[in-house]
Amino acid sequence: MAEEGHKVSLNVYDLSQGMARQLSMTFLGKVIEGIWHTGIVVYGTEYYFSGGVQQAAVGTTPYGTPIRVVDLGVTHVPKDVFEMYLEEISPRYTAESYSLLKHNCNNFSNEVAQFLVEATIPEYILNLPNEVTSSPMAALILPMIERLETTMKAGAVPQAPQFQQPILSTTANNVAYSAEKKEGGESKPKVEEKPAKFGVPSTSAASTEAKPVDALGDARSKVQEEITNEFAAIMASGTLRASEAAALATKRVMQRYGNTNSVQS
């Protein structure tokens with residue numbers, strides 16, 4: 001007698017809680033619909049990768065309610081065979097091996113979907129890392145990505161990422177202050193520093209707070225500060241939109257250093 005079929009679906013969550021769609025055009029120059037986390041639902045259980053291979057009864061994962069559910073098909077793989085398969089692949093899906101851009105929950109979901117129903121998860125989910133890293137502003141959001149990755153490795157659920165808002169808030173205030181000076185005003189801009197959202201210290205305030213000596217962090221902060229200043233100067237001219245100014249500012253600074261990988265403190 002044939003093994004009874006089991007429905008397989010993909011739960012899709014937006015870790016940014018809608019912020020990616022609202023802010024991505026400004027910060028990346030393109031619209032990013034969400035920061036995707038996914039889990040495979042089968043046998044009445046949701047399986048996902050976060051700090052290792054995890055499982056929970058449907059509707060009880062720490063990610064809340066999925067924003068959409070994708071039907072992947074029906075599997076005839078027995079549950080005990082599937083569990084043996086998970087044991088076999090689990091050494092490749094550990095907290096240490098987790099990488100937000102190269103080896104994440106969506107890669108896990110995709111591999112499991114292929115095993116169960118010989119299908120892949122939607123391309124827009126798998127392509128998200130490339131969408132982000134191909135942006136000229138990618139260097140500015142790397143600290144946010146690193147914080148998010150640290151949280152996911154620990155198996156925790158991040159709150160909505162901030163896309164380096166403190167840095168660009170500084171930029172906006174610099175532009176406003178420049179306009180005030182033209183009108184004879186003398187007041188200095190007030191920059192509001194927002195706390196880190198991921199349970200680890202924010203790197204966005206590296207240029208304003210005393211930190212232990214960190215050559216890489218200092219170099220990154222220096223580059224970010226130069227991009228911010230360049231962005232402010234371009235915006236003050238009033239000739240380009242914010243996304244265009246951001247791309248141009250980043251290009252100019254990176255050309256100045258020759259290559260982002262060769263930046264030295």
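Residues numbered from 1 in each chain as written. Predicted model: local features only at pLDDT ≥ 70, side-chain atom pairs only at ≥ 80, totals over all residues. Heavy atoms only, no water.

Colleague: It is not clear to me how the sheet that holds strand β3 (residues 45-49) should be interpreted in this structure. Could you clarify?
Modeller: Backbone hydrogen bonds hold the strands of a sheet together, and the pairing may be parallel or antiparallel. Spatially, 5 strands are ordered β4-β3-β2-β1-β5 in an open sheet, and the strand pairing comes out antiparallel. Bordering the open sheet on either side are β4 (53-57) and β5 (68-75), each of which pairs with just one other strand. Neighbouring strand axes in the sheet, compared pairwise and without regard to direction, differ in orientation by 25 degrees on average. Contacts between helix α3 (residues 105-117) and the sheet are confined to β1 (6-14), β2 (36-42), β3, β4 and β5, with β2 contributing the most and set at about 25 degrees to the helix. (Pairing = 2+ DSSP bridges. Helix = DSSP H or I, 4+ residues; strand = E, 2+ residues; numbered from the N terminus. Axes fitted to C-alpha atoms, helices over the stretch in contact; angles between N-to-C directions. Contact = heavy atoms within 4.5 Å.)

Colleague: Would you mind showing me how to read the nonpolar core here?
Modeller: Within soluble globular proteins, side chains that are nonpolar generally end up buried alongside one another. Of all hydrophobic cores here, the largest spans 35 residues; its most connected members are I40, V42, F82, L86, F108, V112 and L116. Every element with two or more residues in this core is listed here: β1, β2, β3, α2 (79-89), α3 and α5 (128-133). With residues near it in sequence (within four places) discarded, V112 still touches I40, F82, Y85, L86 and I89. Judged by nonpolar contacts, the second largest core, of 6 residues, contains F231, A249, V253 and M254. (Core = buried A, V, L, I, M, F, W, Y, C linked by side-chain atoms within 4.5 Å. Buried < 20%, exposed > 50% of the residue type's maximum accessible area, 1.4 Å probe, protein only.)

Colleague: I would appreciate a short explanation of the pairing of β4 in the present structure.
Modeller: Each regular strand shows side chains that alternate between the opposite faces of the sheet. With 5 bridges connecting them, β3 and β4 associate as antiparallel partners. Bridged to Y48 within β4 is Q54. Counting the residues that bridge the hairpin from β3 to β4 gives 3 residues, and of these G51 lies at a positive phi of roughly 70 degrees.

Colleague: Hey, could you run me through α3 in this one?
Modeller: Helical periodicity: at 3.6 residues per turn, an α-helix aligns residues three or four positions apart in one direction. The end-to-end C-alpha distance of α3 is 18 Å, a good match for the 18 Å that 13 residues give at a rise of 1.5 Å each. The opening residue of α3 is N104, an N-cap whose side-chain oxygen sits 2.9 Å from the backbone nitrogen of N106. Looking at the residues trailing α3, positive phi occurs at E118, about 55 degrees. (Expected span 1.5 Å × (residues − 1). Polar contact = N/O pair within 3.5 Å; in protein donor to acceptor, adjacent residues only side chain to side chain.)

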